[in-house]
Amino acid sequence: NQLAFLIPVCWIGFVIFQSFSLRTFLASVFGALTPWILFLSASYLINPDVNFYQFFIVNLNFQSNFSAFSIAEIVYSAGISVIMIISIFGMNSISNSDAIITRNILNFLVLLLISLSGLSFIFQNQFILFLPFIALVYALLISHPLTLKQSNFYGILFVVFSVLNLAFIISKYIPILK
């Protein structure tokens, strides 16, 4: 259910890439509805007394419980977020030299990262569903300034990024740091 909230983000992406039309809009609507129609009809065939409302219940959770996270997880999340913010500013500083399509792709990836992060905070009980998508978009966005900007700062930033990831992995396997 939660991935259905990415459909409007894809429509915004169609607008960014200048490929939004009535045809693509209707194709995306029918493409999103087809699995639901098949699922609900199969559910009805198996059990004619099924309550269809239970399939559309969305559990929103706006309460943040940061006490469930360890110190290592909080430090890692803060460090990764700071690196992402630095990378986005670095990406914007070199965007004038990029082609228009590259700028559009990067803008869509930033929109997708913000949307996925917001959805993972709203649906905290299902945030694991969004993590692979967030990791993919994060990797694509951080690689752009790290590979294109030839400066010592971005070399050091890459080393900090690597050390932060290794330290987090080690902290998960050493029981003393938990």
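All figures in this text were calculated on a predicted structure; none of them were measured in a lab.

1. Focus: a nonpolar patch on the surface
A grouping of Leu 22, Leu 26, Phe 30, Leu 33 and Ile 37 is seen on the molecular surface, where their side chains present a nonpolar patch of about 510 Å² in accessible area. Residue position: Phe 30 is located in helix H2 (residues 22–46). With a relative accessible area of 52%, Phe 30 lands in the exposed category.

2. Some thoughts on H2
Helix length check: H2 (25 residues) gives 36 Å between terminal C-alpha atoms against 36 Å at 1.5 Å per residue, within 8%. Of all the bends in H2, the greatest, near 25 degrees, is centred on Leu 33, and the proline Pro 35 appears no more than four residues after it. Looking only at H2, the buried set comprises Ser 28, Leu 40 and Ser 43. Looking at the packing, one finds that the buried side of H2 touches helix H1 (7–16).

3. What about helix H5 (residues 131–148)?
For H5, with 18 residues, the first-to-last C-alpha span of 26 Å sits near the 26 Å given by 1.5 Å per residue. Buried within H5 are the following residues: Ile 134, Val 137, Tyr 138, Leu 141, Ile 142, His 144, Pro 145 and Leu 146. On its buried side, H5 packs onto helix H3 (71–93), helix H4 (100–122) and helix H6 (152–173).

4. Things to note about the packing of aromatic side chains
The relation between two aromatic rings is expressed through the spacing of the ring centres and the mutual angle of the planes. Going through the model one piece at a time under the given rule, you end up with 7 aromatic pairs. Arranged with centres 6.0 Å apart and planes meeting at 65 degrees, the rings of Phe 20 and Phe 25 form a pair that is edge-to-face. Ring plane angle 15 degrees and centroid distance 4.1 Å describe the contact between Tyr 76 and Phe 168, whose orientation is recorded as stacked. Of this pair, Tyr 76 sits in helix H3 while Phe 168 sits in helix H6, placing them 92 residues apart in sequence. Here the aromatic residues Trp 11, Phe 20 and Phe 25 are joined through ring pairs into a cluster of three or more.

5. Concerning the nonpolar core
In terms of nonpolar packing, the biggest core is built from 26 residues, with Ile 83, Leu 112, Leu 116, Val 137, Tyr 138 and Leu 141 touching the most fellow members. Going through the elements one at a time, H3, H4, H5 and H6 are the ones with two or more residues in this core. With 8 residues, the single largest contributor to this core is H4. For Leu 116, the residues in contact, after removing those within four places along its chain, are Leu 6, Phe 130, Phe 133, Ile 134 and Val 137.

6. Looking at the packing of H3 against H5
Contact geometry of H3 with H5 gives a least axis separation of 8 Å together with a crossing angle of 55 degrees. In terms of orientation, H3 lies oblique with respect to H5. In terms of crossing hand, the pair formed by H3 and H5 is left-handed. Residues Ile 80, Ile 83, Met 84, Ser 87, Gly 90 and Met 91 of H3 form the contact with H5, whose own contacting residues are Tyr 138, Leu 141, Ile 142, His 144 and Pro 145.

Definitions and cut-offs
Residues numbered from 1 in each chain as written. Predicted model: local features only at pLDDT ≥ 70, side-chain atom pairs only at ≥ 80, totals over all residues. Heavy atoms only, no water. Patch = residues over 30% accessible without salt bridge, like charges linked within 9 Å, V, L, I, M, F, W, Y side chains within 5 Å. Areas by Shrake-Rupley, 256 points an atom, 1.4 Å probe, with all protein chains shown as cover. Salt bridge = Lys/Arg side-chain N within 4 Å of Asp/Glu carboxyl O. Helix = DSSP H or I, 4+ residues; strand = E, 2+ residues; numbered from the N terminus. Buried < 20%, exposed > 50% of the residue type's maximum accessible area, 1.4 Å probe, protein only. Expected span 1.5 Å × (residues − 1). Bend = angle between axes of the 7 residues up to and from the residue. Contact = heavy atoms within 4.5 Å. Phe/Tyr/Trp six-rings, centres within 6.5 Å; stacked < 30°, edge-to-face > 60°. Core = buried A, V, L, I, M, F, W, Y, C linked by side-chain atoms within 4.5 Å. Axes fitted to C-alpha atoms, helices over the stretch in contact; angles between N-to-C directions. Parallel < 35°, antiparallel > 145°, perpendicular 65-115°, else oblique. Left-handed = near helix turned anticlockwise from the far one by under 90°.

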